[in-house]
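A look at the structure
Given next are the chains, with one letter for each unit.
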There are 2 protein chains.
Amino acid sequence: MGEKLTSSLEDYLEAVYTILTKNNAVKAIDVSRMLNVSRASTTEALKKLAEKKLINYGRYDAISITPEGEAAAKEVIKKHNSLHEFFSCVLGASDSEAQDNACKIEHIVSNDILKRIVAFTKYYKKNFGDDFKNIYRS
Amino acid sequence: MGEKLTSSLEDYLEAVYTILTKNNAVKAIDVSRMLNVSRASTTEALKKLAEKKLINYGRYDAISITPEGEAAAKEVIKKHNSLHEFFSCVLGASDSEAQDNACKIEHIVSNDILKRIVAFTKYYKKNFGDDFKNIYRS
DNA sequence: AACATATGTTAGGTTAGACTAACAATACAT
DNA sequence: ATGTATTGTTAGTCTAACCTAACATATGTT
């Protein structure tokens, strides 16, 4: 495994991967739009991801993701989805609350805590259904 | 309520408050040591907190916390403690895992999600004790 | 093929947060 | 009270992340 990415670079990598799976091609501008940043910022970020061998690309080149990049992206997305599920299914948060929090926390939660959240969500859903959601008032 | 603090400034404010409650006095160097940053970085951060009226101090002055500063610090600490309790009591994480994750997540978790975590922890402890801890293996 | 629009890149600037090294002020110990 | 050690401040540097404006390339329309 390579060195740890910053939260920001993880966001860019995640965007590249997500767009790629939907479209079979990524343009830098799609990434800019998804992340609400300038084209210039995207260019810089893509350069850094390429230096780290997580994506392939050069000036005016098509963008593709390397196997290591894909693995890293999938990890972040897994964290995102696990957190989102926990926030919405277990805690009963709205979709947008669950999304917003997952987007930020995915970058900093440890693997240990994440594993526990995943296991807990599974266990909770199996054993307690939505006991809590029925009780919680806010 | 004032403008939102950065994660970093929240850490400094939290440190000031924590040391103050333990010692009845804070020195910048205590903050430096608690956060593992240089004295220079602490000076800068304290200046910013003072500009924002969260602490009182000037060059070579004693440091004290304002009512708004205290309120803000207590909020962060409450978030920290709530997250810590959830991670250790509900998820069964080690103390250091719980601390490390709480330290980072406290700055970004939303009030809505936090409220739900607090309510859930209470509910869980009352109704399920450590069912999950007895089941979870890792 | 030529032009207009899209997209990508570069250059240069900003902000926040950290650092070290040098200097200033305070505190302590004799 | 004087000198040493500790603490605080400043100046200057660095990195990461963003931005705008200007320029370069690519694309699509006729």
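Residues numbered from 1 in each chain as written. Chains lettered and ligands numbered in written order. Predicted model: local features only at pLDDT ≥ 70, side-chain atom pairs only at ≥ 80, totals over all residues. Heavy atoms only, no water.

Between chain B and chain A, which share one sequence, the superposing operator has a rotation angle of 180° and an axial displacement of 0.0 Å; the RMSD is 0.0 Å. As the rotation angle and translation indicate, the two copies are arranged about a two-fold axis. Among all residues of chain B, the one whose C-alpha sits closest to the rotation axis is B:I105, at a distance of 3.3 Å. The residues that chain B uses at the interface reappear at the interface of chain A in 100% of cases, marking a shared surface. (Least-squares fit on C-alpha atoms with pLDDT ≥ 70 in both. Contact = heavy atoms within 4.5 Å.)

Residues and elements named next belong to chain A. Domain annotation for chain A reports domain 1 (7-71) and domain 2 (74-137). Taking the mean C-alpha position of each, domain 1 and domain 2 sit 27 Å from one another. Contacts between the two partners involve eight residues from domain 1, matched on the other side by seven residues from domain 2. Together domain 1 and domain 2 conceal approximately 720 Å² of surface at their shared face, both sides included; 48% is due to carbon and sulfur atoms. Counting the contacts that link domain 1 with domain 2 gives one salt bridge. Elements with a minimum of two residues in the side of domain 1 that touches domain 2: helix 1 (7-23) and helix 4 (67-90). If one sorts the elements of the side of domain 1 that touches domain 2 by residue count, helix 1 sits on top with six residues. In terms of residue class, the side of domain 1 that touches domain 2 is made up of two nonpolar, two polar and four charged. (Domains from an automatic or database assignment. Buried area = accessible area lost by both parts, 1.4 Å probe. Salt bridge = Lys/Arg side-chain N within 4 Å of Asp/Glu carboxyl O. Helix = DSSP H or I, 4+ residues; strand = E, 2+ residues; numbered from the N terminus. Nonpolar A, V, L, I, M, F, W, Y, C, P; charged D, E, K, R; others polar.)

On to the protein's contact with DNA strand C, then. Surrounding DNA strand C, one finds 23 residues, the nearest of these being A:I29, A:R39, B:T6, B:S38 and B:S41. A breakdown of the atoms of DNA strand C within 4 Å of the protein gives sugar and phosphate a share of 66%. A:T43 is positioned such that a nitrogen or oxygen atom in its side chain is 3.2 Å from a phosphate oxygen of DNA strand C. In this structure, B:S38 approaches DNA strand C through a main-chain N or O atom, which is 2.8 Å from a phosphate oxygen. Listing elements by their share of the surface near DNA strand C, those giving two or more residues are helix 2 (28-35) and helix 3 (39-51) of chain A together with helix 1 (7-23) and helix 3 (39-51) of chain B. Class assignment for the residues of the surface near DNA strand C results in nine nonpolar, seven polar and seven charged. (Near = heavy atom within 4 Å. Polar contact = N/O pair within 3.5 Å; in protein donor to acceptor, adjacent residues only side chain to side chain.)

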